[in-house]
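Now for the letters of each chain:
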Amino acid sequence: PEFPGCPPSTPSSPAVPCASSPPSPSPTNRCSCCSMPPWPPPAPSPATPGASSSSATRRRAPSLADGLLYAKMARDSPVVIVPCGHRDRAHEGAKTDSYMVQDLSAATQNILLAAAALGLGAVWTGVYPNEANVAVCRDVLGIPEDVTPFAAIPIGVPAKPAQPRTRFAADKVHMAKW
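Values in this document were obtained by computation on a predicted structure and should not be read as measured data. Just so you know, the residues in each chain are numbered from 1, in the order the chain's sequence is written. Since the coordinates come from a predicted model, pLDDT governs what is reported: local features require at least 70, and pairs of side-chain atoms require 80 or more to be given and counted, while whole-chain, interface and lining totals use all residues. Excluding hydrogens and water, the side-chain figures rest on all heavy atoms present in the structure.

## Examining the pattern of salt bridges
Then step 1. Any carboxyl oxygen of Asp or Glu within 4 Å of a side-chain nitrogen of Lys or Arg constitutes a salt bridge here. Tallied over the full model, the rule gives two salt bridges.
Then step 2. Notably, a salt bridge pairs Arg75 with Asp66, separated by 2.2 Å at the nearest N-O pair.
Then step 3. Three exposure classes are used, based on accessible area relative to the maximum for each residue type with a 1.4 Å probe and protein chains only: buried under 20%, partly exposed in between, and exposed over 50%. Residue classification places Asp66 among the exposed positions, given a relative accessible area of 53%.
Then step 4. Two residues, Glu145 and Arg138, come together in a salt bridge whose shortest N-O distance is 3.6 Å.
Then step 5. In this structure Glu145 comes out as exposed when scored by relative accessible area, which is 64%.

## Structural notes on helix 4 (residues 131–141)
Then step 1. Comment: elements are numbered from the N terminus, with helices defined as DSSP H or I runs of at least four residues and strands as E runs of at least two. Those residues of helix 4 that sit buried are Asn133, Val134, Val136, Cys137, Arg138 and Val140.
Then step 2. Any N or O atom pair separated by 3.5 Å or less is treated as a polar contact, with the protein-specific requirement of one donor-capable and one acceptor-capable atom, and with residues adjacent in sequence counted only for side-chain atom pairs. Taking the backbone nitrogen of Ala132 as reference, a side-chain oxygen 3.0 Å away marks Asn130 as the first, capping residue of helix 4.
Then step 3. Positive backbone phi, approximately 70°, marks Gly142, located one or two places after helix 4.

## Regarding the nonpolar core
Then step 1. Counting residues in hydrophobic clusters, the biggest one holds 14 residues, and the most contacted among them are Leu64, Leu68, Val127, Val136, Cys137 and Ala152.
Then step 2. Secondary structure elements with two or more residues in this core: helix 1 (54–67) and helix 4.
Then step 3. Looking at this core, the element that brings in the most residues is helix 4, giving four residues.
Then step 4. For Leu64, the residues in contact, after removing those within four places along its chain, are Val80, Val136, Cys137, Val140 and Leu141. Residues enter a nonpolar core if they are buried and are Ala, Val, Leu, Ile, Met, Phe, Trp, Tyr or Cys, with the set joined through side-chain atoms within 4.5 Å. We call two residues in contact when some of their heavy atoms are within 4.5 Å.

## Section: the layout of surface pockets
One water molecule sets the probe size; rolling that probe over the atoms shows where empty space is left.
Then step 1. Only protein atoms enter the calculation, which uses a 1 Å grid: trapped sets of points that fit a 1.4 Å probe without letting it out are cavities, open sets showing protein on both sides within 12 Å along at least five of seven lines are pockets, and any residue with an atom within 4 Å of a point is a lining residue. Grid points are joined across faces, edges and corners, and a volume is the space filled by probe spheres set on the points. Space inside the second largest pocket adds up to approximately 570 Å³.
Then step 2. Forming the walls of the second largest pocket are 16 residues, and the residues nearest its centre are Leu120, Gly121, Ala122, Val123 and Ala162.
Then step 3. Here the lining of the second largest pocket is built from residues that sort into ten nonpolar, three polar and three charged. Only Asp, Glu, Lys and Arg are considered charged in this grouping, and only Ala, Val, Leu, Ile, Met, Phe, Trp, Tyr, Cys and Pro are considered nonpolar; every other residue, Gly among them, is considered polar.

## A word on helix 3 (residues 100–117)
Then step 1. The span expected for a helix works out to 1.5 Å for each residue beyond the first. Spanning 18 residues, helix 3 covers 26 Å between terminal C-alpha atoms, matching the ideal 26 Å at 1.5 Å per step.
Then step 2. All of the buried residues in helix 3 are Met100, Leu104, Thr108, Leu112 and Ala115. In an axial view of helix 3, the angular spread of the buried residues amounts to 105°, which keeps them on one side of the axis. Across helix 3 from its buried face, at more than 90 degrees, point the exposed residues Leu113, Ala116 and Ala117.
Then step 3. Looking at the buried residues of helix 3, the elements they touch are strand 2 (84–85), helix 2 (87–90), strand 3 (121–122), strand 5 (148–149) and strand 6 (151–156). The directions from the helix axis to the C-beta atoms form the arc being described.

Have a look at this one:
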């Protein structure tokens, strides 16, 4: 089966297993329609180069929770994603300022939407431009000076179901002019 929304495969274009099929050991095994990798992806093992053990990860989350101004919930989160940007590479060769902040904002929102779609709880906690928060992320996670940590997103299973809410205020919306 392919991802939802993918057209069915044809004999001349056989489908590559994805979506509900078990992951393949081949890194090139992707959906023939949308080129997405198998889902869910295999979890990295501690033996994988660059992967950290769960105990090392568990030690970092409390450090982030203690150091970041609004991320105390990271202490109880099994996962904290820290989207980062490299301003010099964000729009390499462009003659204008980088759109790194806008790009990272969109990526962060997409992570929040994906977590919600999976029934997980997630929250966007600001890191950039607060220099103290940026320093904490760099120190705890070993992020180099030329890379900017943008946000910390603790993700986990909610302790209790949250009721939908909105912060919409009609008096703050201006139509056609201020």
